Structures are given as structure tokens and as C-alpha cells.
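Structural overview
Read off the chains here:
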Amino acid sequence: MRALVLSGGGAKGAFQLGVLEKLIERGYDAQILCGVSVGAINATFLAMARPGPGGFRVAFERLLGIWMGMYGDKSIFRRRTLGLVAALWKDGIHDTAPLAALIRKNLDEDAVKSSGRKLRIGACALEDGEYREVNEATPGLADWVLASAAFPVFFPPVRIDRKTWTDGGVKEVAPVSAAAKLGATQIDVILCSPRHDAAFNTSDDKAGFKFNALDVAMRAIDLMGHEVLRNDVAVCGLTNGVRLRVIEPPKSLTANPLCFDPAELRRMYEVGAEVGRGVAG
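Source: prediction; values computed, not measured. Along each chain, residue indices are assigned from 1 in the same order as the chain's sequence is written. Side-chain atom pairs in this predicted model are given and counted only at pLDDT of 80 or more, local residue features only at pLDDT of at least 70, and totals for whole chains, interfaces and linings cover all residues. Each side-chain value is worked out from all heavy atoms of the structure, with water and hydrogens disregarded.

1. Observations regarding the overall build of the chain
Worth spelling out the cut-off: Secondary structure elements are taken from DSSP: a helix is a run of H or I of four residues or more, a strand is a run of E of two residues or more, and numbering for both begins at the N terminus. Each residue is placed in one exposure class: buried if its accessible area under a 1.4 Å probe, protein chains only, is under 20% of its type's maximum, exposed if it is over 50%, and partly exposed if it falls in between. Surface exposure here means Shrake-Rupley accessible area, sampled with a 1.4 Å probe, where a residue is shielded only by the protein chains that are shown.
Assigned secondary structure in the chain consists of nine helices and 10 strands. For the chain, the proportion of its 281 residues judged to be buried stands at 55%. Accessible surface, the chain: about 12400 Å² in total, of which carbon and sulfur atoms supply 54%.

Here it is, written out as C-alpha cells:
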């Protein structure tokens, strides 16, 4: 049984779509779909695939259309007045009403339930640190997808079941263990960042580059994510009988995972397509 595991990474999720396009051209399909953060969004929309030949491709093309239809940051979030200062009395720097509307408009929860595929996405509770995985039959799936994608500090958490839920990537950057527990014998992990290159690329910047407060926050989250990611992949690699394939970008895709500029999304998508061409189906 084949599982597809999609990591978090914000706008870098476009890379995953590029990889998948080339795999799907060669007949790729997955019976298990797991993800966190942007990976939860991508995995859940792919889980709408109808049973039978061609269903996975149709779901992918619908998801790709959503990504390529984005017109910038405003398609995902609205910047609150005073930016970082607003976080002192708000639950996030940005307002994610556009993302919530996008998810609710395009997600068919009944299609996910009837697809015959297994879905696992994760979110983390701020109150006690609980990491909860929800599945294809969980009520209010759209809310859980939004919670899993609630990028800490920048995006507001989501209130569900009397708890406050945020980005699942806080604890599981790539939920490979969930796939293994569901009986996967082949696990394909598509990462949005390279495992062995955590460097912050400033080569394209002019001399005198300096971090601002938002750079520091995003960079700190990114570095923590690299540590969690290494642990996740190591655990899966120790699981007997599971064939693990990790697909990753050759270098860091962007310093700003919250930049949804169409040209940037297309660039990262093309990087994924190039990587996907070199991966066996």
C-alpha cells in the first residue's frame, strides 16, 4: 500500500505540486495521504480523488488550478493594521479569512469520505501540547485543515473542541509515522525544504542584509522545523518492512514561506517539476 506524506512549508507547497505532476504523468496514485500545515491542505484536497483510474489526476488538476489561481498574499491572508504590533492584542499578525473561505469553498468533505483513501492530518493544541491526527471521516474537516495550516504567530489558531489548535508542523513536519501505522509499505515523502541545507540564502541580497523581526520569527520556526523533520524521517527509516523515499528540493526555495506572489509560486512549482522528472514513478 502506497502512502504520500506532504510536509509543511507555506508557499513552498507549490514545489510539491510540481513533483506530483511529473509522478502522476507516469500513473502515480496513493491510497494513504498524510500531511501537516500546507501539506495538510494539499493532502486533503488530493483525498477528494474519486475511486478508480484517473481519479487521482483529476483531484490533482483541481488542486493545481487553485494554486495557480492565487493572485498574491491577499488570496491567503489580510495584513492587519500595525502588523507585528497587532499581535500583542490579536491572535495572529495576519487575518486568514481568505484562506478559510478558499478551503470551505473548494473542499468537498463527502468526497473525501467516499474516496476510499485514508487521510491523516495533524494539529497541535496550545493548551497542553496535544498533537491530534484527524482522518477522512472527522466532522468539520475544513476547520481541522485550517488549524493544521495556522502558521504560528502569523496566522491565528483555530478553536475546536474547547481547545486552541495551531500548525501541526510544530510537532510533526512530515508525519511519516502516521503512514506507517496505517499499513503503508511504500512511503513517499515530499519535503518543502532540503534536509541537509538549513542555510539562510542571502546571496541575492545586497551587501548589508539585516534580519527584521518578521525574518527572525520565520527563520526560527524554519530551523526548529529542520530538527523535527530529521527526527520524523529517522523514525520511519527504522520501521521494518517500509520502503521510504524522500523527495526534496536541491536547495532552499525561499526565505519567506508566506510569499504567495504568483511568479514565486510558479518558480517553486517548476523546481518541483524538474525534481519530479528525475524521480521514478
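2. Things to note about the environment of glutamine 186
With respect to the secondary-structure elements, glutamine 186 resides in strand β9 (residues 186-190). When the C-alpha positions of glutamine 186 and alanine 3 are compared, they lie 6.2 Å apart, and in sequence the two are 183 residues distant.

3. Some details on the pattern of salt bridges
Applicable threshold: By definition here, a salt bridge exists when the distance from a side-chain nitrogen of Lys or Arg to a carboxyl oxygen of Asp or Glu is within 4 Å.
One pass over the full model with this rule turns up 18 salt bridges. The salt bridge partner of arginine 2 is aspartate 188, with a shortest N-O separation of 2.7 Å. Here aspartate 188 lies in strand β9 and arginine 2 lies in strand β1 (residues 2-6), a separation of 186 residues in the sequence. For aspartate 188, a relative accessible area of 0% puts it in the buried group. The salt bridge involving glutamate 61 is made with arginine 57; its shortest N-O contact spans 3.7 Å.

4. Let's talk about the packing of aromatic side chains
Rules: Side-chain rings of Phe, Tyr and Trp (the six-membered ring for Trp) are treated as a pair once their centres are within 6.5 Å; stacked means planes under 30 degrees apart, edge-to-face means over 60, and tilted covers the remaining angles.
Inspection of the entire model under this criterion finds four aromatic pairs. Residues phenylalanine 77 and phenylalanine 155 carry aromatic rings whose centres are separated by 5.6 Å and whose planes lie at 50° to one another, so their mutual orientation is tilted. Taken together, the positions of phenylalanine 77 in the loop between α3 (55-68) and β3 (78-79) and phenylalanine 155 in the loop between α6 (141-148) and β7 (158-160) put the pair 78 residues apart, joining distant regions of the chain. Summarising the aromatic geometry, the rings of phenylalanine 151 and phenylalanine 154 are spaced 5.6 Å apart at their centres and angled 50° between planes, so their arrangement reads as tilted. Among the residues examined, phenylalanine 151 registers a relative accessible area of 10% and is labelled buried.

5. So, the confidence of the model for the chain
The cut-off we apply is this: For every residue, the pLDDT score states the predictor's confidence, bounded by 0 at the bottom and 100 at the top. Only heavy atoms matter for contacts: two residues are in contact if any of them lie within 4.5 Å across the pair.
Mean pLDDT for the chain: 86, with 80% of residues reaching 70 or above. Every residue in residues 202-208 is under pLDDT 50, and counting partners more than four places away or in other chains gives one contact.

6. Notes on the environment of threonine 96
When you line up the elements, threonine 96 lands in the loop between β4 (94-95) and α4 (97-106). Using a relative accessible area of 8% as the deciding quantity, one classes threonine 96 as buried. For the pair threonine 96 and serine 75, spaced 21 residues apart in sequence, the C-alpha to C-alpha distance is 9.2 Å.

7. Regarding the packing of helix α1 (residues 13-24) against α3
What counts is decided by this rule: For every element, the axis is a line fit to its C-alpha atoms; helices are fit only across the contacting stretch, and the angle between N-to-C directions ranges from 0 to 180 degrees. Here a crossing is taken to be left-handed if its near helix is turned anticlockwise relative to the far helix by less than a right angle, and right-handed if that turn runs clockwise.
Interaxial distance between α1 and α3 falls to 11 Å at its minimum, and their mutual angle equals 150°. At the point where α1 passes α3, the crossing takes the left-handed sense. The segment α1 lies against α3, with Gly13, Ala14, Leu17, Leu20, Glu21 and Ile24 engaging Phe56, Arg57, Phe60, Leu63, Leu64 and Trp67.

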